[in-house]
Amino acid sequence: MATYITLANLTDQGIRNIKESTDRLGAFRAMAEKLGVTIKSVHYTVGNYDIVMVIEGSDDAVTSVLLKLGSLGNIRTETLRGFSAEEMKAIISKMP
């Protein structure tokens, strides 16, 4: 499974409804699990981003889950593909 790091910011709607944020997180976890995506960790943060998540799944499943999450209107996401040291070593070994 691929690893993704998702950086999220609350929208105006999301900050207005901040008190329900952890409940929405529970619903998100359940939806992701049904699609074969594992939520490895979620951190509420202070700074440029409001939430940082580490998730694992197939490209299609992760894309589907994040599109659905964004369509709900509470957060906007920026997602990065993450590689473990072992994965990066294998990638580097294939360099000409």
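Below or above, wherever it landed, is the structure these notes cover.

Analysis parameters
- Residues numbered from 1 in each chain as written.
- Predicted model: local features only at pLDDT ≥ 70, side-chain atom pairs only at ≥ 80, totals over all residues.
- Heavy atoms only, no water.
- 1 Å grid on protein atoms, 1.4 Å probe; cavity = no way out; pocket = protein on both sides within 12 Å on 5 of 7 lines; lining within 4 Å.
- Points joined across faces, edges and corners; volume = space filled by probe spheres on them.
- Helix = DSSP H or I, 4+ residues; strand = E, 2+ residues; numbered from the N terminus.
- Nonpolar A, V, L, I, M, F, W, Y, C, P; charged D, E, K, R; others polar.
- Expected span 1.5 Å × (residues − 1).
- Contact = heavy atoms within 4.5 Å.
- Pairing = 2+ DSSP bridges.
- Axes fitted to C-alpha atoms, helices over the stretch in contact; angles between N-to-C directions.
- Buried < 20%, exposed > 50% of the residue type's maximum accessible area, 1.4 Å probe, protein only.

Moving on: the layout of surface pockets. Its boundaries defined by the atoms lining it, the largest pocket holds a volume of some 250 Å³. Considering the residues around the largest pocket, the lining is formed by 15 residues, among which R24, L25, F28, L69 and I75 are closest to the centre. Breaking the lining of the largest pocket down by element, the ones donating at least two residues are α2 (21-34), β2 (38-44) and β3 (51-57). Broken down by element, the residue count for the lining of the largest pocket peaks at 6 residues, all from α2. Across the lining of the largest pocket, the residue classes break down as 12 nonpolar, 2 polar and 1 charged.

Turning to α2, a few remarks are in order. Between the first and last C-alpha of α2 there are 20 Å, a value that for 14 residues agrees with the 20 Å anticipated at 1.5 Å per step. The inward-facing, buried residues of α2 contact β2, β3 and α3 (59-71). Two residues or fewer after α2 comes G36, characterised by a positive phi angle close to 85°.

A word on the sheet that holds strand β1 (residues 2-10). Taken in spatial order, the 4 strands line up as β2-β3-β1-β4 in an open sheet, and their pairing is antiparallel. Lying at the two open borders of the sheet, with one neighbouring strand each, are β2 and β4 (75-82). Each strand of the sheet is rotated relative to its neighbour by a mean of 20°, with strand direction disregarded. Sitting on the sheet, α2 is in contact with β2 and β3, with an inclination near 165° to β2.

To continue, consider the pairing of β1. The pairing of β1 with β3 spans 7 bridges and is classified as antiparallel. Each residue of the ladder has a partner; that of T3, found in β3, is E56. Pairing geometry for β1 and β4, over 8 bridges, is antiparallel. Looking at the pairing, T6 lines up with T79 of β4.

Here 6 bridges tie β2 to β3, and the two strands are oriented antiparallel to one another. Bridged to T38 within β3 is E56. Between β2 and β3, which follow one another and run antiparallel, lie 6 residues, and G47 among them has a positive phi close to 140°.

What follows concerns the environment of D59. Looking at where D59 falls in the secondary structure, it is placed in helix α3. Since its relative accessible area comes to 46%, D59 is described here as partly exposed. Sequence separation between D59 and I75 is 16 residues, and the spatial gap between their C-alpha atoms is 20 Å. Aside from chain neighbours lying at most four places away, what touches D59 is A2 and Y4.

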